[in-house]
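Descriptive structure summary
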Amino acid sequence: MPSSDPSSDFLRRVFHRLKFRLHGFRSGLGQPVSVEALDREYAPGAWNHFFSAYEQARHEVLLDLIRAVHPRPRLLDLGCGSGRLASMLDPAAISDYLGADISEEGLRLARNLKLPEPLNRFERLNFETWTPEVAAFDVITFNECLGYAADPLRTARRFADVLPPDGALIVSHFQSTNHAEFWRRLAQSFAFIFERTATNAKGQIWDLRVLKLRL
């Protein structure tokens, strides 16, 4: 029978992440993860570090990029998890918001934040199988989650296709041994309008980029 020990599940995930970063994923550099694994990790607090000071720099850069591409966007926050990005947003600067994640446990934590409207809408959605209506959002963020798609390029293209002409995708991706190839593949279909990096006190580095689909 599979282990029900959250610490064992988390260590197993760490092992697979390291293996993936060393070897990549041939079809699209994706690293799919199950709903069950995420729920088991959120429940005991394995993802609470998103609210720590070590993640602050990355989220501040993400906020800056959102402001740079739209003054008051309708924002789709993919991979919203327990609501860290939503908790940092100014509700007066967001005209509409939807946080989407596949983990119901993560979403429960996000809802428990009791954020003000419009930052209190969180839904369980799988971006591998769900696509919003055309022009429903001005900005779509993949907040450290596009790398979990089976084919990140195909997924990014699908969401870019539903953006209005002045819309933009924003992707945050942790620097690892495969990050250069991740961006190289996205560059096949996208231009990078803004490129930023974020670094924390541990020396961890994230790339954050605004993507526009090439014509």
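Residues numbered from 1 in each chain as written. Predicted model: local features only at pLDDT ≥ 70, side-chain atom pairs only at ≥ 80, totals over all residues. Heavy atoms only, no water.

1. A few points about the sheet that holds strand β5 (residues 168–174)
Using the following cut-off: Note on pairing: DSSP must find at least two bridges between two strands before they are called paired. We count a stretch as a helix when DSSP gives it H or I for four or more residues in a row; a strand needs E for two or more, and each element gets its number in order from the N terminus. Every axis corresponds to a line fitted to the C-alpha atoms, with the helix fit spanning only the stretch in contact, and the corresponding angles, defined between N-to-C directions, vary from 0 to 180 degrees.
Here we have seven strands laid out as an open sheet, ordered β3-β2-β1-β4-β5-β7-β6, and mixed in their pairing. The strands lining the two open edges of the sheet, one partner per strand, are β3 (122–124) and β6 (190–199). Each adjacent strand pair in this sheet contributes to an overall mean axis angle of 20°, direction not counted. In this structure, strand β2 (residues 96–101) lies alongside β3, joined through three bridges in parallel fashion.

2. Remarks on the pairing of strand β4 (residues 139–143)
Short version of the rule: Between buried and exposed lies partly exposed: a residue is buried under 20% and exposed over 50% of the maximum accessible area for its type, with that area taken using a 1.4 Å probe on protein chains only. Seen with the strands pointing away from the viewer, any crossover whose path from the first strand over the helix to the second strand runs clockwise is right-handed.
Counting buried residues in β4 gives five out of five residues, a clear majority hidden from the surface. Of the two faces of β4, the one lined by Val-139, Thr-141 and Asn-143 and the one lined by Ile-140 and Phe-142 are each fully buried. Note that strand β1 (residues 74–78) and β4 share four bridges and pair parallel. Bridge pairing in β4 places Leu-78 opposite Phe-142. As paired strands, β4 and β5 are joined by five bridges and run parallel to one another. Among the inter-strand pairings, Thr-141 is bridged to a residue of β5, identified as Ile-170. On the question of chirality, the crossover connecting β4 to the parallel β5 by way of helix α6 (residues 152–160) is right-handed.

3. Things to note about the pairing of strand β7 (residues 205–213)
Bridge analysis of β5 against β7 gives six bridges, and the strand direction is antiparallel. Note on β7: the bridge partner recorded for Phe-174 is Trp-206. Bridge analysis of β6 against β7 gives nine bridges, and the strand direction is antiparallel. Within β7, the residue paired with Ala-198 across the bridge is Trp-206. Counting the residues in the hairpin turn of β6 and β7 gives five residues, including Gly-203, whose phi is positive at 85°.

4. So, the confidence of the model for the protein chain
Going by this rule: pLDDT expresses how confident the predictor is about each individual residue, on a scale running from 0 to 100. Residues count as neighbours in contact if any of their non-hydrogen atoms are within 4.5 Å of one another.
In the predicted model, the protein chain carries a mean pLDDT of 88, and the fraction of residues at 70 or more is 87%. In the predicted structure, residues 18–27 sits below a pLDDT of 50 and forms 19 contacts with residues beyond four places in sequence or in another chain.

5. Some remarks on helix α7 (residues 179–186)
To keep it simple, the criterion reads: Arc definition: directions from the helix axis to the C-beta atoms.
Taken together, the buried positions of α7 are occupied by Phe-182, Trp-183 and Leu-186. Projected onto a plane normal to the axis of α7, the buried residues spread over an arc of 90° and lie on a single side. Contact partners of the buried residues in α7: α6, β5, β6 and β7.

6. Points about the pattern of salt bridges
For clarity, the threshold we go by: Between Lys or Arg on one side and Asp or Glu on the other, a salt bridge is scored when a side-chain nitrogen of the former is within 4 Å of a carboxyl oxygen of the latter.
Summed over the entire model, instances satisfying the criterion amount to 11 salt bridges. In this structure, Glu-55 engages Arg-58 in a salt bridge whose closest nitrogen and oxygen atoms are separated by 2.8 Å. For Arg-58, a relative accessible area of 1% gives the class buried. With a shortest N-O distance of 2.8 Å, Arg-185 and Glu-181 are connected by a salt bridge. Taken as a pair, Arg-185 and Glu-181 lie in helix α7 at a separation of four residues, close to a single helical turn. By sharing partners, the salt bridges in this structure join Asp-64, Arg-67 and Arg-196 into a single network.

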